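Examining the three-dimensional arrangement
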Amino acid sequence: EGSGSAAAAAAAATATSIAMTSDPVSFPPTAAPFSGVLRVVPSGGEAASNSLLPPMPPLPQVPQQQQQQPQQQPQQMMTMLPADILSAFEPNPLTFDPPGNHGATAAGAGAGVGAGAAGGIASMVMPGQEQMMGALGGTLMPSTVSAVGGDTPTGYYVTMAAAAAAEVPSLEDHTEAFSNLKVDLAELDFGNDDEDFIDHDEGNLNNTSQSGGKPASIQGGGADNDALTEDLTHSCEGSQTSQLSLSSEHAQLLAMVRSALDLVVTFRAERREGGANGNQSTCDDAELHHALGRILYKHFSGNSSLEDGGVSFTTDRDKKKNVHVDVGSSDDALDDDIEASSRRKGRRTTVGCTAKSNDDRSGYAPLLDFGYPIRLSTLVDCLVKSRSSPNDNVCFFASTEDVEEELREMLEKPGRYLYDAAEAVYCDGQLRFAKDKLYGRSEEVATLMSAYDRVIHSKKEKRGIALINGYAGSGKSSLVDQILPRLQSDRASFVYCKFDIQGQEQPMSSFFRALDGYCQNLFDGDPTLLAEIRGAINYALGPSVSLLKGQVPSLGAVLGRESPVLQAAETTDALNHISYSLRLFVRAISGPTHPLVFLLDDLQYADKKSVDAINLLLKDTDTTSLLFIGCYREESVSIDHPLTEGLGDIAMTAEMPMSSITLSNLDKQSVNDMVSESLNMSRRLTRPLADAVHAKTRGNPMFVRELMASLYADGLIRYAATVRRWEWDIIAIREKDVADEVVDLLVGRMKGYGPEIELVLQVVACLGTSCDPNALCLCFTDEDRNSTSVDSCLMRLMADGLINKVGVMYRFGHDLIWQAAYALLTSSSKQQSMHLHVGRQLLKNGSEEERNQMMSIIADQLNRGVDLIDDDAERLLLTRMNLQVGRKELASMSFLPASLYLLQGTILVHDEDWKDHYQMCLQLFTSCAEVQLALGNSGETVTLATQVLTLGRSLQDKLGAYYALIKAKLLQGDVDESVKIGLSVLGQLGECFPTRVDEAKIGKELMETEHLLESSSLETISKTDAATDADRVATMRFLLLTSRIAYTINPGLNLLMNLRMVQTTMAGGLTPESSFAFSSCAFALCSIDHHDLAAFCAKVSISLLGRFNQKYAHITIPTLILSILAYRQPLQALVEEFRKAYKNAMAVGDVDWAIVSIGQVTNVSIFAPERGRNLGHVQDEFLHNLQELSMYNHMLFSLYVSPIKEALSNLRYVESSSHVSATSAGVENPPTVCFTADQNHMVSVCASKNLKNSLRKVYCNRMWLAYLYRRYDLAAEFATKNQKFAAGNPIYAPIETIMETLYLGLVAFAVLRERVRLGDSSFDGGEKWTKISTDVINKISGWNEEDSSWNFQNKIDLLNAEQAFTDGDYPRALEKYESSIGNAGKHGFINELALACERLGLFHQSIGNTIEAQMHLMLSKQHYRTWGATRKADDVHHLIQSM
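The present account deals with the structure reproduced in this document. (Residues numbered from 1 in each chain as written. Predicted model: local features only at pLDDT ≥ 70, side-chain atom pairs only at ≥ 80, totals over all residues. Heavy atoms only, no water.)

Topic: the overall build of the protein chain
Per the secondary structure count, the protein chain includes 68 helices and 15 strands. Taking contacts inside the protein chain between residues at least 6 apart in sequence as the whole, the part at least 24 apart equals 75%. When the accessible surface of the protein chain is summed, it comes to about 58200 Å², and 50% of that surface belongs to carbon and sulfur atoms. (Helix = DSSP H or I, 4+ residues; strand = E, 2+ residues; numbered from the N terminus. Contact = heavy atoms within 4.5 Å. Areas by Shrake-Rupley, 256 points an atom, 1.4 Å probe, with all protein chains shown as cover.)

Following this line, the structure appears as structure tokens:
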């Protein structure tokens, strides 16, 4: 202003210098006051390289003489400048004063430029453009800031030396001056008229500084600066500006934004106060926003020429109410510029943003050109232009509250919205969505966190499950991710289990794959936690860990040692073994000190075994601190889906509350939040776009992302690099046809990649949801490899998020993506053709080693295209491959894959193949029958076995099929048929048995066996050679199988077979079944009171345990021998040993013996209570074991469980029962024996199947219960039925035999006394009961003398007392009652102590000693309560009351 001519000359010289470079710059050529705006675009920069932008127009032509002048290096160009300009290149600290701080410093200023010329505005200049800056009085220094925060030198930061340091006004300063504030934006010179102004936009030169165009540093005062500097932890990493303090820069910027927020708050308060005083009405929204925009514009831009003498800015409404608003002295010129700018804006292509168009020739410049952040510039730009373009919907702020909220959001997230490097990341032209971020799910997150806290923190629940239901793509997995940060602080572990969409896996394989990953992470993680869990696993699993290691390979690394091997009892038991080992393993790895969170993803694909395992783990009372989180799609779960029944079981479990979370589609606001963050724009700007997206996707999060990606690919959403903001065509988006489902949208997206990538997607999809890269490469022909770069295609797909690389495997990012890729094969025939092509390519291109490694993949692909195979040689090759793979899977206990391959192989077999390829067909059908039996498919097993029996050529070839057929019939409940088939096979092997067994036949076999055993010693038998004859080995195998089945329906036949096994071993050599043969023979001999011979057989059995790798060695033999010891050892000592036998049986999956063992545990615990344990403990243990056994649906289960349930329900009140203790409620009707409809139904089932031993057990149980409640008529009836089934069935468990004998004698004496009391006609068969009583006393007396007085002394005393009472010998009766009471208490039989006291009380009552009777009955009631028989105690209480 002081020397215009000099300034013009300097400017002209600078223009000449700049024209020599390749980076032309537009600037005012005259000496007019500088506009304060400097736009610089380096050639070949971001605007030129962004394919979404229109081509850059040709640059202005430069005079010829200037073109001929050679371009020089920066240092050479510096020598052309005046000396005072060269000083600007010295490495002085870079400074920048906030706009609006108008000092007088002019160090380094060029000639002709006054102190306040530029207003302190900074921008970025490229090498060769320094001359202009020097001429304008600027200060320069090198910078290394690049567009993405790199360190490549790209230009210089410049500050205008005319700007001086000054303090940022505080809130108080603003408030004090607000009422008199005069915003005169017109005094900021925005350039001359069109004729005099060189268009900044021509040649596409309207750069907005891009990555380096914001103020390099904002220095100055301000009370909040120090505090703000401490708070600035959001600076983006990677931005490296030399000699620049980022914290200082950001602090000053934040201070200005905070001051702007204060201005808005004050503005709102003034407007509200004015309206309340009646001096001001609500302005038109556009005018109000315009006024606020001008205030903010002045605050951020600043200009020393603004004066306070403003003019009145009055709206029409204000005029009517005489309201005066000061807005500045010369707003008309500014409004004209804004209006002209708005008229020239493109309305269609800039919907949702307010970027300047290329033909904007107005003098108005947005804050973006001043170097301010995009979002801040957009905010002010919208407000300023709100009045000039009301119909363009330029302003997206409904109120000043919205403006305030926008500023607050910038302050809350400055790293995202205000800083340089943040914009380089968020605004680089790439469409991004925050990975795993949730929108609109706060309530669902709270519910999940509550479920987590209940189990992990508050310990209110030992186990828990939270089920998350939602459509595909609704964000179920992302919701679960919200608890992951909590796990580390809680020392909790996370196990991710994803069920496979194709379902080509063995039962529970997903569990074991997940646990394998857990073990790997555990091994690589905290050594302290590893040591703790290693000890827990070894303690919990013991030898059972050996089979589990085959399913969880990384478990070996965790344990760090070799574990003892414990095999499954049989192939059919392997699944049971694995299931039990899984429960033990989960018990070990979860606990209060190391909780476990199990994510079950895609539960809709879970198999029944997996759902059953989940139920059992949740009901396992020994497992603590375990939380299951299940994600599933309700629309994919039908009424007959395993999950439906499984969820019902969980819901019915009162102690297992279930948290249910349903993820619905997002609402419009949540979708807008999602779109806003992806575009890094204000939610108000993106609302129209978000509404359009929501309308087409219904708010499904994954659908939203895919649609946005599709719109981006179609160019309907694009990034404008010139203004560093996103633009979209809202009309075209609303009119665009979009698929109804996300899969269809994904298919369209995939087709857009072109044929090469589409082919890769199809091949990967055929290989499954994940694939090995080596297998993928082998799938392509040489021609495909030449035309298609598989690696480059995969890189493109990974970059777009369709495929992820997990370890060495490629995996689709979501199962919907897999579905879409597979849907590229548009028909079933195309899918089969591609599978067949892939299988053939793998077979052709792979080496022998590769083919062996990928045999299962090759067979699977060929099986899927088998309908297109028409060559017999290829069909037979595929059949052999299926057999090979199936037997390999069977050997590793992977039954379901084995089933798939073997069944497919049987389908491929033609009838003539049995002639030409007999061995292949025999092995295929026999192995397939074995696998189907292991999976519980009895019907399929019968069909396959029958085929082998029909077409097999010899008995040896058919034995495998016979074995499977017998077990399949047993599984179907046809016990008689199983025994018949077994006897038929034994007959063909030379071992015949009678159809009816009587005492004579048993005596004959017994004598022969005794003769063989007496002629041999224990050492001789133990050293007998192993059998070599195949028929003898097969005979022993079928004898063992058939005898175990016969025990339930024909105990006499069972005894004959046990004796025959011993004879066969002695005659033909030892087999793996020999040890079991001797132990079972000992069990049978004990039942018929041959105790010495039984003891010898037990010793032989133990001596043979180490001869073979025996399946039954550590399970069945201890159970049988323990039963024998019931006669010689205290019964209480056997309980723990039976528990061990039960655990061992479960460990190898032998459910038969597990059920037998748990029956023995419960029976012994009832009749010989352990010290400190009562029936309540027994019941709890029994119910716990029922949970473990219930999943197996075994025939023996109900037979053993039903009598025990019946006994406990009669002795104790069930917690859920309506019964109330008579002692507390004064019940008039005493408890009595009762039997439920379910229990009566079980009796009918046993009768229909002729299960004699089961019926014997049921009636024995009912006999002693009826006697206990003094229902002697029922007791006599049940005793008669019990003896009917005992006749001719000598084999019975010793413990049950002891109790049956005792109560049979007690019932006999009770009946005899009742005959006397009521008359002889009331009970028939007086002689029968007399004989029974005599036989019982003789038998128990013999046991007492020869075996163990501990178990029998109190029993024989009680029987003798009852006999004396019946005979009228009262003194002797009293003596024996008291003796029985003493011995029962001494030996710990609390149940029999209570019974003896009760019988003594009844004895005293009968002879008139009422006081003695009441005393002993009260003692009896007390003992019954100690035993835990609360219901029986109430019965005695009522008896006392009745006296």
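Describing the side chain of Glu-1296
By the element assignment, Glu-1296 lies in helix 62 (residues 1294-1318). Within the structure, Glu-1296 has its side chain in polar contact with the side chain of Lys-1257 (distance 3.1 Å). Those residues in contact with Glu-1296, other than ones at most four positions away along the chain, are Gln-1160, Asn-1163 and Lys-1257. (Polar contact = N/O pair within 3.5 Å; in protein donor to acceptor, adjacent residues only side chain to side chain.)

Details of the state of the cysteines
Counted according to the given criterion, the structure contains 0 disulfides. In this structure Cys-766 is a free cysteine whose sulfur lies 8.6 Å from that of Cys-779, the closest cysteine sulfur available. (Disulfide = S-S within 2.5 Å.)

Some thoughts on the pattern of salt bridges
In this structure the tally under the stated criterion is 56 salt bridges. Its salt-bridge partner being Lys-437, residue Glu-677 comes within 2.7 Å of it at the nearest N-O pair. Residue Glu-677 is found in helix 27 (residues 668-679), and its partner Lys-437 is found in the loop between helix 16 (420-426) and helix 17 (442-456); the two are separated by 240 residues along the sequence. Judged by its relative accessible area of 15%, Glu-677 is buried. Overall, Lys-437 belongs to the partly exposed group, its relative accessible area being 35%. Note that Arg-1173 is salt-bridged to Glu-1170, the shortest N-O span being 3.1 Å. (Salt bridge = Lys/Arg side-chain N within 4 Å of Asp/Glu carboxyl O. Buried < 20%, exposed > 50% of the residue type's maximum accessible area, 1.4 Å probe, protein only.)

Considerations on helix 63 (residues 1326-1346)
Spanning 21 residues, helix 63 covers 31 Å between terminal C-alpha atoms, matching the ideal 30 Å at 1.5 Å per step. Those residues of helix 63 that sit buried are Gly-1326, Trp-1329, Ile-1332, Ser-1333, Val-1336, Ile-1337, Ile-1340, Gly-1342, Trp-1343 and Asn-1344. Where the residues of helix 63 are buried, they touch helix 52 (1091-1103), helix 61 (1272-1286), helix 62 and helix 64 (1349-1367). (Expected span 1.5 Å × (residues − 1).)

Focus: empty space enclosed by the protein
Following the criterion strictly, the structure yields 17 cavities of 30 Å³ or more and no others. Quantified by volume, the largest cavity comes out at close to 150 Å³. Together, 13 residues line the largest cavity, and Asn-1163, Phe-1167, Lys-1257, Asn-1261 and Glu-1296 are the ones closest to its centre. Among the secondary structure elements, those contributing two or more residues to the lining of the largest cavity are helix 55 (1151-1167), helix 57 (1195-1211), helix 60 (1252-1268) and helix 62. Looking at the lining of the largest cavity, the element that brings in the most residues is helix 60, giving 4 residues. Class assignment for the residues of the lining of the largest cavity results in 9 nonpolar, 2 polar and 2 charged. (1 Å grid on protein atoms, 1.4 Å probe; cavity = no way out; pocket = protein on both sides within 12 Å on 5 of 7 lines; lining within 4 Å. Points joined across faces, edges and corners; volume = space filled by probe spheres on them. Nonpolar A, V, L, I, M, F, W, Y, C, P; charged D, E, K, R; others polar.)

Focus: the sheet that holds strand 10 (residues 658-663)
Spatial strand order, 7-8-9-6-10: 5 strands in an open sheet with parallel pairing. At either end of the open sheet lies a strand with only one pairing partner, and these are strand 7 (493-498) and strand 10. Averaged over neighbouring strand pairs, the angle between their axes works out to 15° when direction is ignored. Looking at chain direction, strand 6 (residues 463-470) and strand 10 are connected through 6 bridges and run parallel. Within the sheet, the bridge partner assigned to Ile-465 lies in strand 10 and is Met-658. (Pairing = 2+ DSSP bridges. Axes fitted to C-alpha atoms, helices over the stretch in contact; angles between N-to-C directions.)

A few points about unusual backbone geometry
Positioned with a positive phi, Asp-602 is a non-glycine residue whose angle comes to about 55°. Summarising the element assignment, Asp-602 is placed in the loop between strand 8 (596-601) and helix 25 (608-619). Residues other than glycine seldom take positive phi values, yet Asn-680 does so here, at roughly 55°. Along the chain, Asn-680 turns up in the loop between helix 27 and helix 28 (683-697). On the accessibility criterion, Asn-680 (8% relative accessible area) is buried.

Examining the nonpolar core
Counting 238 residues, the largest nonpolar core has Ile-537 and Leu-555 as the members making the most contacts within it. Here this core gets 13 residues from one element, more than from any other, and that element is helix 62. Once you skip the residues sitting within four places of it in the chain, Ile-537 turns out to touch Gly-542, Val-545, Leu-555, Val-558, Leu-559, Phe-585, Ala-588 and Ile-589. One finds Tyr-297, Leu-367, Met-708 and Val-760 within the second-largest nonpolar core, a separate group that totals 116 residues. (Core = buried A, V, L, I, M, F, W, Y, C linked by side-chain atoms within 4.5 Å.)

Details of the environment of Ala-1364
On the secondary structure map, Ala-1364 appears in helix 64. Between the C-alpha atom of Ala-1364 and that of Tyr-1377, which follows or precedes it by 13 residues, the distance is 9.9 Å. Ignoring anything within four residues of it in the chain, the contact list for Ala-1364 reads Asp-1369, Arg-1372 and Ala-1373.

Some words on the pairing of strand 15 (residues 809-812)
Alternating positions in strand 15 separate cleanly, Tyr-810 and Phe-812 being buried on one face and Met-809 and Arg-811 remaining unburied on the opposite face. Pairing of strand 13 (residues 770-771) with strand 15 involves 2 bridges; the strand directions are antiparallel. Bridge pairing in strand 15 places Ser-770 opposite Arg-811. As paired strands, strand 14 (residues 803-806) and strand 15 are joined by 4 bridges and run antiparallel to one another. Bridge pairing in strand 15 places Ile-803 opposite Phe-812. A loop of 2 residues connects strand 14 with strand 15, the two strands running antiparallel in sequence, and Gly-807 in this loop sits at a positive phi of about 70°.

Side note on the packing of aromatic side chains
The final tally for this structure, using the stated rule, is 24 aromatic pairs. Sitting over the ring of Tyr-918, Arg-953 keeps its end group 3.9 Å from the ring centre. The ring of Phe-1389 carries Lys-1355 above its face, with NZ or CZ at 4.1 Å from the centroid. (Phe/Tyr/Trp six-rings, centres within 6.5 Å; stacked < 30°, edge-to-face > 60°. Lys NZ or Arg CZ within 6 Å of the ring centre and 35° of its normal.)

Some details on the packing of helix 27 against helix 28
Helix-helix packing is described using two parameters, namely the angle between the two axes and the distance between the axes. Axis separation between helix 27 and helix 28 bottoms out at 8 Å; the angle between their running directions is 120°. Taken together, the axes of helix 27 and helix 28 lie oblique to each other. Crossing of helix 27 over helix 28 shows right-handed handedness. From helix 27, Lys-668, Val-671, Asn-672, Asp-673, Val-675, Ser-676 and Leu-679 reach across to helix 28, where they touch Arg-683, Thr-686, Arg-687, Leu-689, Ala-690, Asp-691, Val-693 and His-694. Residues of the contact of helix 27 with helix 28, tallied by class, amount to 6 nonpolar, 4 polar and 5 charged. (Parallel < 35°, antiparallel > 145°, perpendicular 65-115°, else oblique. Left-handed = near helix turned anticlockwise from the far one by under 90°.)

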